[in-house]
Amino acid sequence: MATIELKKISKVYEGNVTAVREADFTINDKEFVVLVGPSGCGKSTTLRMIAGLEDISQGELYIDGRLVNDVPPKDRDIAMVFQNYALYPHMTVHDNMAFGLKIRKFSKDEIQKRVAEAARILDIGELLDRKPKALSGGQRQRVAVGRAIVRHPKVFLFDEPLSNLDAKLRVQMRAEISSLHHRLDATMVYVTHDQVEAMTMGDRIVVMKDGIINQIGDPLTLYNLPVNRFVAGFIGSPPMNFFAVTMKEEGGKLYADEGNFKLEVSGAQKDVVSGYAGKQLILGVRPEDLHYDMNASEGTFIDSSIEVIEPLGAEIHIFVNTGSNQLVARIPPDIQVAVGDKAKLVADLNKMIFFDPETEIALSVEAGVKK
């Protein structure tokens, strides 16, 4: 397989429109890396530059130590799986999978061997004589993946391959692709706008916004130690709650005062925000770090009114109004709640994250407390 090195790669379109700005990172051999971000963030453009389908405006791209800026796609030894499957409608499944090998003048025996192997791995052996119109969306996706597998490429590239599937099939297919990665021991780069896909599939995740890489890390690092407000809000479902607070010192204690409630800050978080008394900050708390407790003491809870309830079986999401903010909490399913109820939500003080209101960078990152 192969290592992929992006060295300050940029893509600038006509009109001086920058789609990707100085992307600089390495994808290790046999690693599964996910590029994630909202629509228009530059993730697909980055993937297409790796594939050779987009010219690189500046910077250098290396695959397995070889500079490939000017190498055509067919000579990069990569295989790409597209969002729309891109199957030939007049060909059978077998011929779709074999077509690339025929173009490369492989022998009939080798083609049969590789197609049979891929069909076995993907459990589509009984579909080889069908044409794409006779297949379900999930089956077509397996064929598209199979067409990539038979190539035995150095790198697999996936461009939002599951976005056309229904929710249940997406869950099944992302598990199959993850399993496929381990079986093939391959280098894979996967693009998605779905942060759940990114969290469940990637060894490492590259979070992009407006063509700029905001953070690279394993899923738990991104979740627990986001470098800025964008990453904190994008990673996690439901997303992190944010509200503006003023830091206040009272009786030797430090509080984050939202106006309608205030929370005492202690422990490591107090060290992070010491020196910010009298200043405004953005406080972030994840829904699972807000605990329902009607017996909570003053200074530890958010007093709020329940506006929406979403029962999900294993948990309940409640959307509450504090007077100036709406936030969401994740609570156990055995707690009886109703719209209009007053709720006391206790925030886990060790899980709170503070952000600078101007730069939106996490203060723990600025202070060097957490890296």
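Presented here is an overview of the structure given in this document.

Calculation notes
- Residues numbered from 1 in each chain as written.
- Predicted model: local features only at pLDDT ≥ 70, side-chain atom pairs only at ≥ 80, totals over all residues.
- Heavy atoms only, no water.
- Pairing = 2+ DSSP bridges.
- Helix = DSSP H or I, 4+ residues; strand = E, 2+ residues; numbered from the N terminus.
- Axes fitted to C-alpha atoms, helices over the stretch in contact; angles between N-to-C directions.
- 1 Å grid on protein atoms, 1.4 Å probe; cavity = no way out; pocket = protein on both sides within 12 Å on 5 of 7 lines; lining within 4 Å.
- Points joined across faces, edges and corners; volume = space filled by probe spheres on them.
- Nonpolar A, V, L, I, M, F, W, Y, C, P; charged D, E, K, R; others polar.
- Buried < 20%, exposed > 50% of the residue type's maximum accessible area, 1.4 Å probe, protein only.
- Contact = heavy atoms within 4.5 Å.

**So, the sheet that holds strand β11 (residues 241–250)**
- If you trace the five strands from one edge of the open sheet to the other, you get β13-β12-β11-β14-β20, paired in antiparallel fashion. Both edges of this open sheet fall to β13 (262–265) and β20 (353–355), since each of them pairs with a single strand only. Pairs of neighbouring strands in the sheet enclose a mean axial angle of 40°, with direction left out of account.

**Structural notes on the layout of surface pockets**
- Here the largest pocket is characterised by a volume of approximately 510 Å³.
- Lining of the largest pocket is provided by 19 residues; of these, Ile78, Met80, Phe82, Arg104 and Arg151 occupy positions nearest its centre.
- For the lining of the largest pocket, the secondary-structure elements that each account for two or more residues are β6 (78–81), α2 (93–103) and α4 (137–149).
- Looking at the lining of the largest pocket, the element that brings in the most residues is α2, giving four residues.
- Residues belonging to the lining of the largest pocket are distributed by class as follows: 13 nonpolar, two polar and four charged.

**Brief notes about α2**
- All of the buried residues along α2 are Val93, His94, Asn96, Met97, Ala98, Gly100 and Leu101.
- Buried residues in α2 make contact with α3 (108–122) and α4.
- A positive backbone phi angle near 65° is found at Lys105, which sits one or two residues after α2.

**A look at empty space enclosed by the protein**
- The final tally for this structure, using the stated rule, is one cavity of 30 Å³ or more.
- Within this model, the largest cavity holds a volume of roughly 40 Å³.
- In terms of lining, the largest cavity is formed by Leu122, Val145, Met173, Glu176, Ile177 and Leu180.
- Considering every element that reaches the lining of the largest cavity, the biggest residue donor is helix α5 (residues 167–184), with four residues.
- In terms of residue class, the lining of the largest cavity is made up of five nonpolar, no polar and one charged.

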